[in-house]
Each structure stands twice: as C-alpha cells, then as structure tokens.
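# Survey of secondary and tertiary structure
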Amino acid sequence: MADQPAKLSVSSDTFEHGKTIPTPALFHGFGVGGANKSPHLRWSGAPDSTQSYAIILHDPDAPTGTGFFHWILFNIPANVTELSENAGSGDPADLPAGAKHGHSDFGARNYGGPAPPPGHGPHHYNFHVYALDVPKLDADETATAALLRFMMLGHVVGEGVLTGIYER
C-alpha cells in the first residue's frame, strides 16, 4: 500500500474555508459581475521531498457530469508557499518564475472565477494544492486538469484543499 500524502494546510486572506467567495474573485461574464481576480492563497505542511506544487480549482457541483475546472496552475517552485491576489490573471509576470497555467474548462489559460447557473444552489469551489516530488511536470499551457492529474500520479507527496462557496 502506497504512503498517504501529507496533509497540507491551505488558507486565504480573501475568504475563509466554507464561506462565500467575494465578488472580485467571481467570474467576469455570464451575468455574474465579478472581476475574475484569483484569491490570495497560502499553504504549509509540505514534506521535505517537495520539489514543486500544482493548484487545481474544481467545482464538483457544476451540472456537467464531471464538474468544472476553473483554474490549473503547475510547476510552482518548492520555495513558493503563497500566491498574491490576482496571480491567476494570465500575465506570466504575476506568477512565480517557471509556473505555468493549464487549460481550464472556460477554454482559457488563467483563473476563471465562480459562475454557477442561477437557481442551481450552492456550489463548492475546491482549491486543491498538491506538493509534488518532481521539480516540474513535462506539460505545456495546453494541459487540461485531467492530463495534469494523470501526470501527477505517483508524485503527490502532499495535498490540501480550501473550499469556498458561491450561489446565485
């Protein structure tokens, strides 16, 4: 049986775990009225074997059968344990050196905020942070969440999640 990944602690100055994600972090489009600014994120508790991190934002409540992947970020250097608000803007200058955005379900390579269908009830936005035992994943900006998760198999040494809620 494989070792279980270490539990990372993930938090944000933008919102608290289990609480509503604020308007600036909501999607700009589909009538949502947000600014599409990725929230501040901070994590700790990674094992010494950590060589890089990846972040995947997933809404399992989206009515698609597979949920909806809002943000894919990978090859975050091991010495980085915090991202400032709007790091997911899509501008490489806002990212730590070497980090790359993947291809979200919005069809973009940047953060895409919450945008649930009106009247669908509360959606849970899970910011998964993965500590990896490799310095980088051999993927480019076309990588989807499914491809990235496949490439991470056997390399996740730590994992944590921060969940925000939004409904309209």
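See the structure shown above.
We now turn to the structure provided with this report. (Residues numbered from 1 in each chain as written. Predicted model: local features only at pLDDT ≥ 70, side-chain atom pairs only at ≥ 80, totals over all residues. Heavy atoms only, no water.)

## As for the nonpolar core
Note the cut-off: Buried Ala, Val, Leu, Ile, Met, Phe, Trp, Tyr and Cys residues that are joined via side-chain atoms within 4.5 Å together make up what is termed a nonpolar core. Three exposure classes are used, based on accessible area relative to the maximum for each residue type with a 1.4 Å probe and protein chains only: buried under 20%, partly exposed in between, and exposed over 50%. For the purposes of this entry, the term helix denotes a DSSP run of H or I that reaches at least four residues, the term strand denotes a run of E that reaches at least two, and both are numbered from the N terminus. By definition in these notes, contact holds between two residues if any of their heavy atoms fall within 4.5 Å.
One finds W43, I55, W71, L73, I76, L83 and F127 to be the most contacted residues of the largest nonpolar core, which totals 30 residues. Those elements that provide at least two residues to this core are β3 (41-44), β4 (52-59), β5 (68-77), β8 (123-132) and β9 (156-166). Ranked by the residues each element gives to this core, the list is headed by β8, at four residues. If near-sequence neighbours (up to four positions away) are discounted, W71 is found in contact with S38, L41, I55, I56, L57, L83, G88, H101, S104, N110, Y111 and F127.

## Observations regarding helix α1 (residues 145-152)
In an α-helix, one turn spans 3.6 residues; hence positions three or four apart end up facing the same way. To keep things clear, this is the line we draw: Working note: the arc is built from the helix axis to C-beta atom directions.
Those residues of α1 that sit buried are A145, L148 and M152. The buried side chains of α1 occupy one side of the element, clustering within an arc of 65 degrees when seen end-on. Across α1 from its buried face, at more than 90 degrees, point the exposed residues A146 and F150. Buried positions along α1 lie against β4, β5, β8 and β9. A positive backbone phi angle near 80 degrees is found at G154, which sits one or two residues after α1.

## Structural notes on the side chain of N126
Topologically, N126 is positioned in strand β8. The residues contacting N126, other than those within four sequence positions of it, are I56, L57, H58, P60, V161, L162 and T163.

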